[in-house]
Structures are given as structure tokens and as C-alpha cells.
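So you can see what is in the structure, the chains are spelled out below.
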Amino acid sequence: MRNESYSILIPMTNIRLNGSSADTHATRSAGDDLPATLGGMPLLATTPDMRWPPTDAQTEQQLVELYRSQSWSFGGAHERAFCEEFASAHSAAHAVFMVNGTVTLEAILHALGIGEGDEVIVPALTWPATAMAVVYNRAVPVFVDIEPDTLCIDPEQVRQAITPRTRAIIPVHLYGGMADMDRLAAVAQPQQIALVEDCAHAHGGAWDGKGLGSIGIAGSFSFQQSKTMSAGEGGAVITNDAALAERLYRFKHIGYAPNTKQGQATGSLTPDLICHNYRATEFQAMILRQQLKHLNTLARRRDDNAMMLTEGLERIPGVRAQARGTKAGPQSYYCYMVTLDLEAWSNATCAQIRAALKKEGIPVAPTYGSVYRHPLWNLPASRYRIHGDRRDALGPVCPVAESIGTQRTLGVPHQVLDWSEENRMKLIAAFQKVHRHADRIAQIQLPA
Ligand SMILES: *Cc1c(COP(=O)(O)O)cnc(C)c1O
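Source: prediction; values computed, not measured.

Some points on the sheet that holds strand β11 (residues 335-340)
Logical step 1: If you trace the three strands from one edge of the open sheet to the other, you get β10-β11-β15, paired in antiparallel fashion. Each end of this open sheet is capped by a strand with a single partner; those strands are β10 (319-321) and β15 (409-413). Strand-to-strand twist across the sheet, computed as the mean angle between neighbouring axes with direction ignored, equals 30°.
Logical step 2: The sheet contacts of helix α8 (residues 282-313) involve β10 and β11, and relative to β11 the element is tilted by about 20°.
Logical step 3: Lying over the sheet, helix α10 (residues 399-408) contacts β11 and β15, oriented at roughly 45° with respect to β15.

Set out below in C-alpha cells:
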């Protein structure tokens, strides 16, 4: 299907796609092939545009109009429209807009009545916010290992980690990859445990034809600066449960019900809900409405381009792309990640390979490690539990998250999936070049 995509041959590399060799295509001299880190020419002399979030003249104009309107917050027209549009783009009935994608998780757990004495299962490999949201509710996060292929929480180990106190599971669709929602539902539903999807990396992704975030009881999204949809900051919860949506709205709006006027509280607020001001502004909602118009096209194009990268990269020994969701369509991306079998790379470290790729002009994405080892995770061991089958000084630890996390994965930010075909081919060529010289790259001393 995508064979014609590979007809572009890249000079000065031995990229072999469609069985052709670029060696016939360009004159090669010994120096041309050297990685930039060993004194050769970088494959991308200048890194293509990585600026993010996107900007456009129409949004700029609307921002000016919004500024002049002086209606900047408090359940405004843009917020209401955005919530409707965002929910429907993800197969959900309701969305609630908030200040970020951490309080959205906190809000879901609080609205579900989760608190002291409860346990919530989270993946060992994610951004700390997933687990902190549990701590904010005075519940105990229980870290469970990931699957080596999807990099998402392992449903079988989730099953083993469940106790009578388990109230929720928060699968994270990490980097855009997909936690197996069918297997997780099979584990959670019979025991009436809530599935809360952390979709901070998965805007526009769909599992089995349903928008991510709409499969569990609720889904949480972040619109922080680097995310695939961004308003600098922001977050949203989607759900199909109308009562939960109302509790979430009240939670973020000091207790006011939806559609009440400022200063005119109506309806009865249940005493179990402790509410906040977690409102975001009309400016953010307006920017996101513009981005949402293009989300599906963007996600589909990037998914296609990612599959093409995978076809090229997996021809290199010791490279496995993060498994695409088995029911993805499309899969959306926060980062495009690969896992390396370092023995096939002369036992170079991921850090050495990452540094060599950067010298080729390839932007490298940050990678997550185990949350419980994160420098910002400063909680005493009594505040969390690790369900792991290996032990070290910490007690049990999650071996897959430990060994794969920062040590064997590397990847590129989502913007790379918008690069021209020529540049995406150069990215594959850069991996090939670094791989061919892995023995020498393994000798390079990196600055501490
Ligand atoms: C970014 C992120 C969050 C939190 O979002 P913020 O808007 O930055 O608070 C939560 N979970 C994951 C997996 C994230 O990457």
C-alpha cells in the first residue's frame, strides 16, 4: 500500500527500501557515511521546524475579537462550544474544561468519591501527575508494570494487584500508544472498579472506533504547551455519564451547577463534593476550538507517517517501534517511540545513541522512567505501593518499566510525524548510520 512512498532514495546512505540500493544513486566517499558525532556530515543540516503549538492568522484575529469582547471566562460561549465539540470528537456526551490535565485526574477521582483508604492502580511508567492525582485525594497509588511492547499498563498484572480496596485503575495511553481497553475492562467491570483513562498523550486517538477517553467511566486530557492539542495550559474530562459530568463541573466551578449565572448558585450541592476554582479561560477554549477542526486529519496523517517510519526503522537490527494499539484507528501521537535491543547496537547506551542522533539533526523526545524513582516523586513509601515481581532497596519494583523506561527507549516528538517524506526518510537513514557505527559510538564518553 505504501510502497510508492519508498521510491525516494536517499543519497549517501545505504537505505534499502523496495530492494533498491541508494549506493547506485550517489557517489560515496568514506567520510560521507561517518556519523556527525564522529566527524561526518549530519543527515539533517538544519532540523526542520519544530515550533509548537501551531499558530494561524484566523486564530490570531479571533483572539483580538475575544479580547475586545471582554468576556474572558465563566462558562462562556467558547468554553461551551469547545466542550460540545471536543466531547463529540471523542465519542463522548459531555466534556468539562479545566486549568490543566492534572486537576482533571484529581477531579475525576474526587467526583467518583475516591478518598482515604482507597487504592488506585496506575502504571509505573508515566508522568508523575497520574499518581499524584491519587495522592491529592488521600488515596494510595499502586504502581503496576507495563507491557514491553505497548509500554502501557499490563492488564494481567493489574488483575493481580487488585485488593478489596481498589476503586479505580488509571491506564495511560502513553506517548499515544494504547492501553488494551478490552482486557482492562474485562478485569475491572466484574469487580465494579472504575476505569479512568489518562489521555494526556492521546488527543484524537480511537480504539475500536471509539474515541479514547470515552471507553472508561471518564477520560482526562491535557492541553499543556507541548501536548498534541495545546493552549499553553488547560485540561478536559470527557464522560458519557451525565451525573458525573455535573459533579465534575461543580467541582471545578466552586460548586456552581452548569449554566448558572455568576453569583447565582442554584440546585443542591452534595456535602461529599469539595469544590475548587479550576476554571480555564475563553482564550484557551477559543484556541483549542481552532485546533480541534484539524485534529482528525492531523491524527490520521501522523498515524500513516508513523507506520511508514516503523516499516523503515524495524529493518534495522535491534529496533522495535512501540506497538500500535491493536484496535487503533487512528492512533494519535505525543511521541514516536522505539525500544532498542542494545546488544544489536554493540552495547552502546541509549544515551550514546540519543546523543549521536541529535548530532545528525534529529530532535529526541524526553522519555519517562518509573514514577517512583522520579526526582519530583518525594513521597514516603507509606503513601504508595509498588506491585512488582523484582525486589531491590525500594522493595518490589516493576522490572519492565525499570529496564525499558529510560534505558532502552528513545523517540522523537510528534511534530516529526508532520515532516516531509524526504526528511522522514533522513530520520530512518540517521538511525541506520548510527547503527552501522554503533561499535565506535559505544566508545564515546558523554559529558556527565
Ligand atoms: C502532561 C500529563 C499530565 C498532566 O497534564 P498537565 O496539563 O501538565 O497538568 C497527566 N498525565 C500525563 C501522562 C501527562 O503527560
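Some remarks on the packing of aromatic side chains
Logical step 1: Scanning all chains against the criterion turns up 17 aromatic pairs.
Logical step 2: Ring geometry for tryptophan 72 versus phenylalanine 283: centroids 5.5 Å apart, planes at 50°, classification tilted. Taken together, the residues span a long stretch of sequence, with tryptophan 72 in the loop between α1 (57-69) and α2 (77-89) and phenylalanine 283 in helix α8 at a distance of 211 residues.
Logical step 3: Owing to a relative accessible area of 36%, tryptophan 72 belongs among the partly exposed residues under this scheme.
Logical step 4: Seen in terms of ring centroids, phenylalanine 82 and phenylalanine 97 are 5.4 Å apart; in terms of plane orientation they differ by 65°. Their pairing is edge-to-face. Here phenylalanine 97 lies in strand β1 (residues 94-98) and phenylalanine 82 lies in helix α2, a separation of 15 residues in the sequence.

Examining helix α6 (residues 181-188)
Logical step 1: Within the span of α6, buried status applies to Met181, Leu184, Ala185, Val187 and Ala188. The arc that holds every buried residue of α6, seen down its axis, measures 160°, which confines them to one face.
Logical step 2: Each element contacted by the buried residues of α6 is listed here: α5 (155-161), β4 (166-169), β5 (194-198) and β6 (206-207).
Logical step 3: Near the N-terminus of α6, the side chain that reaches the backbone nitrogen of aspartate 182, with its oxygen 3.1 Å away, is that of aspartate 180.

Comments concerning the side chain of histidine 201
Logical step 1: Structurally, histidine 201 can be placed in the loop between β5 and β6.
Logical step 2: The buried category is assigned to histidine 201, whose relative accessible area is 4%.
Logical step 3: Of note is the side chain of histidine 201, whose polar atom sits 2.7 Å from the backbone nitrogen of tyrosine 175.
Logical step 4: Residue contacts for histidine 201: discarding those within four places in its chain leaves His173, Leu174, Tyr175, Gly176, Lys227, Ser332, Tyr333, Tyr334 and Tyr368.

Overview of the nonpolar core
Logical step 1: With 93 residues, the main nonpolar core has Phe143 and Trp377 as its most contacted residues.
Logical step 2: Broken down by element, the residue count for this core peaks at six residues, all from helix α3 (residues 103-111).
Logical step 3: Once residues within four sequence positions are removed from consideration, phenylalanine 143 is found in contact with Val122, Pro123, Ala124, Ala131, Val371, Tyr372, Trp377, Tyr384, Arg385, Ile386, His387 and Cys398.

As for the site of the ligand
Logical step 1: Neighbouring the ligand are 16 residues, the closest being Gly101, Thr102, His201, Ser222 and Lys227.
Logical step 2: Contacts to the ligand include glycine 101, whose backbone N or O atom sits 2.8 Å from an oxygen atom.
Logical step 3: A distance of 2.8 Å is found between a nitrogen atom of the ligand and a side-chain nitrogen or oxygen belonging to aspartate 198.
Logical step 4: For the ligand, whose unbound accessible area comes to 380 Å², protein coverage reaches 93%.
Logical step 5: For the shell around the ligand, the residue count by class is five nonpolar, nine polar and two charged.

Regarding the confidence of the model for the protein chain
Logical step 1: On average, residues of the protein chain score 92 in pLDDT, and 93% of them are at 70 or above.
Logical step 2: Of the regions scoring below 50 in pLDDT, residues 1-30 engages in 55 contacts with residues more than four places distant in sequence or in other chains.

Some points on the pairing of β11
Logical step 1: Within β11, six of the six residues are buried, which leaves it mostly tucked inside the rest of the structure.
Logical step 2: Neither face of β11 is left uncovered, since the one carrying Cys335, Met337 and Thr339 and the one carrying Tyr336, Val338 and Leu340 both have all their residues buried.
Logical step 3: Bridge count between β10 and β11: three bridges; the pairing is antiparallel. Looking at β11, one finds that valine 319 is bridged to leucine 340.
Logical step 4: Judged from the five bridges that link them, β11 and β15 form a sheet pairing that is antiparallel. Counterpart to tyrosine 336 in the pairing with β15 is valine 412.

Here we look at the pattern of salt bridges
If charged atoms from side chains of opposite charge come close, those side chains can pair.
Logical step 1: Applying the stated criterion across every chain, the model contains 22 salt bridges.
Logical step 2: For lysine 327, the salt bridge is made with aspartate 182, and the minimal N-O distance between the two is 2.4 Å. One end of the pair, lysine 327, is in the loop between β10 and β11; the other, aspartate 182, is in helix α6, and 145 residues separate them in sequence.
Logical step 3: Residue lysine 426 is joined to glutamate 422 by a salt bridge in which the shortest nitrogen-to-oxygen separation is 3.7 Å. A residue pair is termed a helical-turn pair when its members lie 3 or 4 positions apart in one helix, as lysine 426 and glutamate 422 do in helix α11 (residues 421-436) at four residues.
Logical step 4: Look at the salt bridges and you will find they share partners, linking Glu147, Asp180 and Arg183 into a network.

A look at the packing of α3 against helix α7 (residues 242-252)
Logical step 1: One can describe the packing of α3 onto α7 by two numbers: an axis separation of 9 Å at closest approach and a directional angle of 125°. By the angle class used here, α3 and α7 are oblique. Viewed along their axes, α3 and α7 form a crossing whose handedness is right-handed. Contacts between α3 and α7 pair Val103, Glu106, Ala107, Ile108, His110 and Ala111 from the former with Leu244, Arg247, Leu248 and Phe251 from the latter.
Logical step 2: Counted by class, the contact of α3 with α7 contains seven nonpolar, one polar and two charged residues.

Calculation rules
- Residues numbered from 1 in each chain as written.
- Predicted model: local features only at pLDDT ≥ 70, side-chain atom pairs only at ≥ 80, totals over all residues.
- Heavy atoms only, no water.
- Pairing = 2+ DSSP bridges.
- Helix = DSSP H or I, 4+ residues; strand = E, 2+ residues; numbered from the N terminus.
- Axes fitted to C-alpha atoms, helices over the stretch in contact; angles between N-to-C directions.
- Contact = heavy atoms within 4.5 Å.
- Phe/Tyr/Trp six-rings, centres within 6.5 Å; stacked < 30°, edge-to-face > 60°.
- Buried < 20%, exposed > 50% of the residue type's maximum accessible area, 1.4 Å probe, protein only.
- Arc of directions from axis to C-beta.
- Polar contact = N/O pair within 3.5 Å; in protein donor to acceptor, adjacent residues only side chain to side chain.
- Core = buried A, V, L, I, M, F, W, Y, C linked by side-chain atoms within 4.5 Å.
- Near = heavy atom within 4 Å.
- Areas by Shrake-Rupley, 256 points an atom, 1.4 Å probe, with all protein chains shown as cover.
- Nonpolar A, V, L, I, M, F, W, Y, C, P; charged D, E, K, R; others polar.
- pLDDT = per-residue confidence, 0-100.
- Salt bridge = Lys/Arg side-chain N within 4 Å of Asp/Glu carboxyl O.
- Parallel < 35°, antiparallel > 145°, perpendicular 65-115°, else oblique.
- Left-handed = near helix turned anticlockwise from the far one by under 90°.

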